[in-house]
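If you want the building blocks of each chain, they are given just below.
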Amino acid sequence: MIAGSTQVLGVIGDPVAHTASPAMHNAAIAALGLDYAYVAFHVRPQGLPAAIDGMRALGLAGLNVTVPHKVAVMDLVDEVAEEARVIGAVNTVAPIDGRLVGYNTDAYGVMESLRVQGGLEAMPPRVALLGAGGAARAVLYGLLQRPEIEQVLLLNRTVERAEALARDLDPGGKRVVVGPLTGPVADVGLLINSTSIGMHPHEDASPLPAGTVLGPHTTVLDIVYKPLQTRLLRQAEKAGAPALNGLGMLAYQGARSFEIWTGVKPPVEVMMQGILGGAA
Ligand code: ATR
């Protein structure tokens, strides 16, 4: 029931109509019986400053920020949390004591999905990360927070982009090794795809070169969630390897945002059901 007391949460993006976030967050709100509602706002780039002013004026209880606003919004909030500053992108804005604070919950989302769904309480010493875009930045940040990871192989089609990302997040060059997407990944304990290869409508594509052999001891996470089972994940399953899609990362990053806004830990299973029902 939307009433006079209902607090408004939302997502700003361009485009935004196909986002699964309202279904995911409203499912949690309903399950918890909280007095909130979550909506999608189509905000074009030129409207972003006014949208953030509007957030203040309307007293919105929180916003998710998606493409193309994740970088530009950093200059419009009052404070940027450490992880968002290092990642270089904000995906969550919350009013804290009258000030707007920008957070990034993507690194938490990926690490929590690996822990809970992948059973990885400890990370393996060697990890391969495919991709060097915005998504890869958040994943690499999360990985480098974990001291048990000795080496991250950062593989990308455009090697220079991977080199720049490695310089940014691993300035001493101690733990990140850069290479092309065709680099060998046979002996890693965890392989994460953060490229868009294999995403709908290119469902026949895999980021791994033909002939790559995955071992049964390499957990594979594809952050793509449309489709839920990518070609890469089918390759992993064929090799007998644990295979995780991007649904968990999406739900856990959302759960973290939800907790920042409401102070309540939401039921992540319910959020996943919301995504599956809402995005169908
Ligand atoms: P996001 O914010 O989702 O990470 P992005 O910043 O555009 O999006 O990054 C997309 C990633 O997918 C990049 O690593 C990109 O490789 P390049 O840096 O070489 O462009 C990778 N990618 C996308 N399409 C690809 C393709 N057809 N082949 C190889 N890599 C691809």
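Residues numbered from 1 in each chain as written. Predicted model: local features only at pLDDT ≥ 70, side-chain atom pairs only at ≥ 80, totals over all residues. Heavy atoms only, no water.

Asker: Now, about the pattern of salt bridges: what can you tell me, with residues and values included?
Answerer: One pass over the full model with this rule turns up 10 salt bridges. In this structure, Asp 106 engages Lys 70 in a salt bridge whose closest nitrogen and oxygen atoms are separated by 3.4 Å. One end of the pair, Asp 106, is in helix 4 (residues 106–116); the other, Lys 70, is in the loop between strand 3 (62–65) and strand 4 (79–80), with 36 residues separating them in the sequence. Residue Asp 106 is classed as buried on the basis of its relative accessible area, which comes to 12%. Between Glu 112 and Arg 115 there is a salt bridge, and its shortest N-O distance comes to 2.7 Å. Taken as a pair, Glu 112 and Arg 115 lie in helix 4 at a separation of three residues, close to a single helical turn. (Salt bridge = Lys/Arg side-chain N within 4 Å of Asp/Glu carboxyl O. Helix = DSSP H or I, 4+ residues; strand = E, 2+ residues; numbered from the N terminus. Buried < 20%, exposed > 50% of the residue type's maximum accessible area, 1.4 Å probe, protein only.)

Asker: Requested: an account of the packing of helix 4 against helix 8 (residues 247–262), with residues and values cited.
Answerer: Two elements in contact, helix 4 and helix 8, have axes separated by 7 Å at closest approach and are oriented at 120°. One finds that helix 4 runs oblique with respect to helix 8. Crossing handedness for the pair helix 4 and helix 8: right-handed. Along its contact with helix 4, which presents Asp 106, Tyr 108, Gly 109, Val 110, Glu 112, Ser 113 and Val 116, the element helix 8 presents Gly 248, Met 249, Tyr 252, Gln 253 and Arg 256. Broken down by class, the residue content of the contact of helix 4 with helix 8 amounts to five nonpolar, four polar and three charged. (Axes fitted to C-alpha atoms, helices over the stretch in contact; angles between N-to-C directions. Parallel < 35°, antiparallel > 145°, perpendicular 65-115°, else oblique. Left-handed = near helix turned anticlockwise from the far one by under 90°. Contact = heavy atoms within 4.5 Å. Nonpolar A, V, L, I, M, F, W, Y, C, P; charged D, E, K, R; others polar.)

Asker: Tell me about the sheet that holds strand 11 (residues 219–222), residues and numbers included.
Answerer: Spatial ordering of the open sheet is given by 9-8-7-10-11-12, a layout of six strands whose pairing is parallel. Looking at the sheet topology across the chains shown, the edges are occupied by strand 9 (176–179) and strand 12 (243–244). The pairing of strand 10 (residues 190–193) with strand 11 spans four bridges and is parallel. Each bridged residue has a counterpart across the sheet, and for Asn 193 the counterpart in strand 11 is Asp 222. Docked against the sheet, helix 7 (residues 231–238) engages strand 10, strand 11 and strand 12, running at close to 165° with respect to strand 11. (Pairing = 2+ DSSP bridges.)

Asker: An account of the sheet that holds strand 6 (residues 99–103) is needed here, citing residue identities and associated values.
Answerer: Reading across the sheet, the six strands line up as 2-1-3-5-6-4 and stay open at both edges, with mixed pairing between neighbours. Because the sheet does not close on itself, it has two edges, and the strands there are strand 2 (36–42) and strand 4. Relative to strand 6, strand 5 (residues 92–96) is paired through five bridges, and the arrangement is antiparallel. The partner of Ala 94 across the bridge, within strand 6, is Val 101. Against the sheet, helix 1 (residues 21–32) engages strand 1 (7–13), strand 2 and strand 3, with an angle of about 170° to strand 2.

Asker: Describe the environment of Ile 149, and please don't skip the residues or the numbers.
Answerer: Inspection of the secondary structure assignment puts Ile 149 in the loop between helix 5 (134–144) and strand 8 (151–155). Between the C-alpha atom of Ile 149 and that of Pro 125, which follows or precedes it by 24 residues, the distance is 4.3 Å.

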